[in-house]
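# Summary of structural features
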Amino acid sequence: MGFYFTQFLTGLASASSLFLVAAGLSIIFGVTRIVNLAHGSFYMLGAYIAYSIVTSIDVGPVGFWLAVLAAAVAVGLIGVAVEMLLLRRIYHAPEMFQLLATFGVVLVVQDAALAIWGPADKLGPRAPGLDGAVRIFGELVPQYDLAMIVLGPLVLGAIWLLFHKTRWGTLVRAATQDRQMLGALGANQKVLFTSVFFAGAALAGLGGAAQVPREAVSLFTDLNIIAEAFVIVVVGGMGSILGAFLAAVLISELNAFGILIFPQITLVLMFLVMAVILVVRPWGLLGRPEFIARGPGEMPEAPYRPADGRLKLLGLAALLLLVAVPLAGDDFLMVLMVDVLLLALFATSLHFIMGPGGMVSFGHAAYFGLGAYGAAMLTKLLDTPMELAVAGGIAAAAAGAVVFGWFCVRLSGVYFAMLTLAFAQIGWSVVFQWGDVTGGDDGILNVWPAAWASSRIVFYYLTLALCTGAILFMRHLLYAPFGYGLRAGRDSPLRAEAIGIDVRMRQWHGFILAGAMSGLAGSLYAFSKGSVFPDIMAIPQSIDGLMMVLLGGVKTLSGPYVGAAAFHLLEDQISRLEFWRAILGVTILFLVIVFPQGLVGFLRQRLSRDEAAP
Amino acid sequence: MAETGTDPPLLSVEGLHSYYGRAHILSGVSLSVARGEVVVLLGRNGAGKTTTLKCIMGLVRPAEGRIRFQDEDIAGAAPYAVCRAGLAYVPEDRRIFTELTVMENLEVGRQKPRAGAPEWTPDRLFALFPNLAEMRNRLGGRMSGGEQQMLTIARSLMGNPSAILLDEPSEGLAPVIVEQMAQTVRELKAEGLTVILSEQNLHFANHVSDRAYIIEKGQIRYEGTMAALAADEDVRAAYLTV
């Protein structure tokens, strides 16, 4: 009995920090409509800063909490800097660009933390004055855990008071619903947004700082925390602070007890609970149906035009160049181009659901990974020939998309994005934790192509043929009734339904197709590398896909290939440098601010400006 | 023109152009409103009434044109700056904060008092809209359409404006409420407020306005007093009847 009760208390103690992060994320999203991927980085910074303070100054019991507060304020100020220097320039940019920009911040912070605090994990000293343990039902419970259990509800109460008893809080709640009207009533959005960002970032910093005596902080903390915070915000209901608290408690207790029963699959458990809750209550425990938050009126997307003569020529020229690549006799170039082709297919399949489908997936790498693992496991475990293994990879990815997609298409917007992320994380954690079958962290090695395709040149042409074929097939579909229906569903679901299109079904089919195509890219990837590792289905890989699509321009059809090529070549160049993440991050920030419409979108705009538009 | 005296107009708009994508919504709208006047912008659906008001308020950035309000150039200014200059805006779809109570909705609209403009407090507004007084703590989302329409006007008045833009205030309201709305507009005028409203309902406009502009296809086609418009059957037939 006592043991279970202490486990329960441990769960509650963990819940507090998660609640702080999730509350900050939720408040920032509510007002600015920005899904701040850098929120986990704020948490991490809070932990590192607090660690530095408590290890360099001899703090007493009061000093410790002052140090925690100072870390929170410092992170709040960092948040203000991010908001004023970066986000302010892109509030009017499409949602996904904002996401990309915040991911740029993640990368920069990662390398900054590496440079300042080094690669080793940092575990802070115990909190002065709370370094003992008390006996409850015969079991020892750390005093600090009890303090954490108090901290969560304390902050919850403070936020409630702030939101309901101050003018600032009233304005924040109003902004969550209709910030344009709020502006027309005289509230200065800039000031409000900056102050909200301060509050949200400081909450994340507080969460991180308070964890220092309990858990080591590492350079991986940021993405781990952001994934958990997403789950909590979505389960609790976007914008509901109390919901975030309940969800944090629920998830933390699930972890605390899950670890006793299935120590291997706590991650899976967490995301499964999220999936179930979202299906039963699509807006989360205490969330309300998503209303269209009013922002600046967005322009309807222009229809896709069939390629004109010039574009066809350009495409043909590009294809000829690709065919000619092996003539250069440069093996490295061929390997690089295989990567580019596979990523182009991956990005095109993501664009297929994102652009025309209007479904922004944060977890598209799951299907790439399912394809890769499907093919690799067939090869390793059943000795399947390559041709069949590729088909099997496609089938595995499609099957995953059938199941996950069925849930996902029931949601829209941010919820869709977060659920796709959650499913991708499930996929990743199964692969990562189910070591006996998937090799876990060690991956699957020695997955080589069939004898006839084992030469570099043959494999290159095989890849070129399959990728080109798949990309042209998807392009063709967009000009076929299937694609028209998909776009109709994106632009006006109600009207599309009214003319007899089953929008959800159409989206599901699109999702499955995109998953299968991504699976094709993944299974070829497995054979091109000869191995697969869990990384290829982790969050950063999904974000890479988004970056490729956004780099190219989400409103263009040729954007994904251009974006994939540009991204991969860029990454290939800079990933050899020491602080390549920071360089990549700054590059992303630069591109987002200078080319908010994507590379192809930018070129097209320039072209149509130069000529008199027809 | 219809302005009396030599005072410069409180609000003047010149050569306003606005586009939505490639569609030319406003092509050179000009109008001017004197202090204390009630002016109505009449026109059919899609004529450009709402866009004109949104341009003035800064909610839509005009492609071209000058907007002067109390000797300030407000064309292209942010909505909050326009509001703080003393111009209030009541949208046609009301846009009440449904999760906030009546009192909180009023609080959101509160701005500092302004010299030369009537000063409003919740109590004064409850005197003007007695219905609202009985539901101070009710959530905006739990009010009827008519109550929301009163609240949205009250909320804008909390900014202590010298002029108020009302976008189709009578739209979708029951006849009894429309009558109340007309009474409200007359009381606002009596307080010294300048009122600019857009309307399709000529009957309502007749009851409250001093002067009318008629807009069609983004251009002003007629300007005159309500009496002159009442006498001009041809104009009404050409621009207003459906």
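The rules behind these values
- Residues numbered from 1 in each chain as written.
- Chains lettered and ligands numbered in written order.
- Predicted model: local features only at pLDDT ≥ 70, side-chain atom pairs only at ≥ 80, totals over all residues.
- Heavy atoms only, no water.
- Helix = DSSP H or I, 4+ residues; strand = E, 2+ residues; numbered from the N terminus.
- Rg over C-alpha atoms; globule rule 2.2 N^0.38 Å.
- Contact = heavy atoms within 4.5 Å.
- Areas by Shrake-Rupley, 256 points an atom, 1.4 Å probe, with all protein chains shown as cover.
- Lys, Arg positive; Asp, Glu negative; His and termini not counted.
- Charge placed at Lys NZ, Arg CZ, Asp CG, Glu CD.
- Buried < 20%, exposed > 50% of the residue type's maximum accessible area, 1.4 Å probe, protein only.
- Patch = residues over 30% accessible without salt bridge, like charges linked within 9 Å, V, L, I, M, F, W, Y side chains within 5 Å.
- Salt bridge = Lys/Arg side-chain N within 4 Å of Asp/Glu carboxyl O.
- Pairing = 2+ DSSP bridges.
- Axes fitted to C-alpha atoms, helices over the stretch in contact; angles between N-to-C directions.
- Buried area = accessible area lost by both parts, 1.4 Å probe.
- Polar contact = N/O pair within 3.5 Å; in protein donor to acceptor, adjacent residues only side chain to side chain.
- 1 Å grid on protein atoms, 1.4 Å probe; cavity = no way out; pocket = protein on both sides within 12 Å on 5 of 7 lines; lining within 4 Å.
- Points joined across faces, edges and corners; volume = space filled by probe spheres on them.

### Some words on the overall build of chain B
The number of helices and strands found in chain B is 10 helices and 10 strands. Whereas a compact globule of 242 residues would reach a radius of gyration of roughly 18 Å, chain B reaches 17 Å, a difference of no more than 12%. Referenced to the eigenvectors of the C-alpha coordinate spread, the extents of chain B come out at roughly 50 × 40 × 35 Å. A fraction of 70% describes how many contacts in chain B between residues 6 or more apart in sequence connect residues 24 or more apart. Surface accessibility of chain B: about 10,300 Å² in total, with carbon and sulfur atoms responsible for 49%. Mean positive and mean negative side-chain charge positions of chain B (25 and 30 charges, respectively) differ by 5 Å.

### Focus: the environment of Ala101 of chain A
All names here are of chain A. Here Ala101 is to be found in helix α4 (residues 95-117). Judged by relative accessible area, which is 0%, Ala101 ranks as buried. The spatial distance from the C-alpha of Ala101 to the C-alpha of Ile593 is 8.6 Å, given a sequence separation of 492 residues. Beyond its immediate sequence surroundings of up to four residues, Ala101 is in contact with Leu86, Ile90, Leu589 and Val592.

### Re unusual backbone geometry
Here the phi dihedral of Asp383 of chain A falls at roughly 55°; this positive angle occurs in a residue that is not glycine. For Asp383 of chain A, the location among the structural elements is in the loop between α14 (365-382) and α15 (386-408). Assessed through its relative accessible area of 65%, Asp383 of chain A is described here as exposed. For Lys217 of chain B, which is not a glycine, the phi torsion comes out positive at approximately 50°. With respect to the helices and strands, the residue Lys217 of chain B is situated in the loop between β9 (211-216) and β10 (219-225).

### A word on a nonpolar patch on the surface
Residue and element names in this part refer to chain A. A cluster of nonpolar side chains, Phe3, Tyr4, Ile259, Leu260, Ile261 and Phe262, forms an exposed patch at the surface whose accessible area comes to about 590 Å². Among the secondary structure elements, those contributing two or more residues to the nonpolar patch are α1 (2-32) and α10 (241-261). Residue contributions to the nonpolar patch peak at 3 residues, all from α10.

### Let's talk about the sheet that holds strand β7 (residues 163-167) of chain B
Residues and elements named next belong to chain B. Strand order in this open sheet of 6 strands is β6-β7-β8-β3-β9-β10, and the pairing throughout is mixed. With partners counted over all chains shown, the strands left at the sheet margins are β6 (87-90) and β10, one partner each. With strand direction ignored, the average angle separating the axes of adjacent strands in the sheet is 15°. In the sheet, β7 pairs with strand β8 (residues 194-199) via 5 bridges, with the strands oriented parallel. Along β8, the bridge assignment pairs Leu165 with Ile196. Most of the contacts of helix α6 (residues 145-157) go to β6, to which it runs at about 165°, and overall it touches β6 and β7.

### Side note on the interface of chain A and chain B
Opposite the 23 residues of chain A that make contact, chain B presents 26 residues. When the buried area of chain A at its contact with chain B is split by residue, Arg167, Met181 and Leu185 of chain A rank highest and sum to 28% of it. The shortest N-O distance in the salt bridge between Arg167 of chain A and Glu107 of chain B comes to 3.0 Å. Joining chain A to chain B, the criterion identifies 12 residue pairs in polar contact (both at pLDDT 80 or more). Elements with a minimum of two residues in the side of chain A that touches chain B: α6 (167-177) and α7 (179-184) of chain A.

### Overview of the environment of Leu421 of chain A
Structurally, Leu421 of chain A is set in helix α16 (residues 413-433). Sequence separation of Leu421 of chain A and Ser542 of chain A is 121 residues, and the distance between their C-alpha atoms is 8.4 Å.

### Some remarks on the pattern of salt bridges
On inspection of all chains with the given rule, the structure shows 22 salt bridges over all chains. Two residues, Asp178 of chain A and Arg95 of chain B, come together in a salt bridge whose shortest N-O distance is 2.8 Å. Note that Asp178 of chain A is positioned in the loop between α6 and α7 and Arg95 of chain B in the loop between β6 and α3 (102-109), a pairing that runs across two chains. By the burial criterion, Asp178 of chain A is buried, and Arg95 of chain B matches it. Across the salt bridge formed by Arg236 of chain B and Glu233 of chain B, the nearest N and O atoms sit 3.8 Å from each other. A residue pair is termed a helical-turn pair when its members lie 3 or 4 positions apart in one helix, as Arg236 of chain B and Glu233 of chain B do in helix α10 (residues 233-239) at 3 residues. Among the charged side chains, a network of salt bridges with common partners joins Arg167 of chain A together with Glu107 and Arg110 of chain B.

### Regarding empty space enclosed by the protein
Residues and elements named next belong to chain A. Throughout the structure, instances matching the rule amount to 3 cavities of 30 Å³ or more. One number sums up the size of the largest cavity: a volume of about 100 Å³. As for the largest cavity, its lining consists of 14 residues, of which Leu100, Met547, Leu551, Ile588 and Leu591 are closest to the centre. Considering every element that reaches the lining of the largest cavity, the biggest residue donor is helix α24 (residues 580-594), with 4 residues.

### Focus: the side chain of Gln111 of chain B
Mapped onto the elements of the fold, Gln111 of chain B is located in the loop between α3 and α4 (122-128). Looking at Gln111 of chain B, its side chain comes within polar contact range of the main-chain oxygen of Gly186 of chain A, at 3.3 Å. Residue contacts for Gln111 of chain B: discarding those within four places in its chain leaves Arg167, Leu185, Gly186 and Ala187 of chain A together with Arg84, Met158, Gly159 and Asn160 of chain B.

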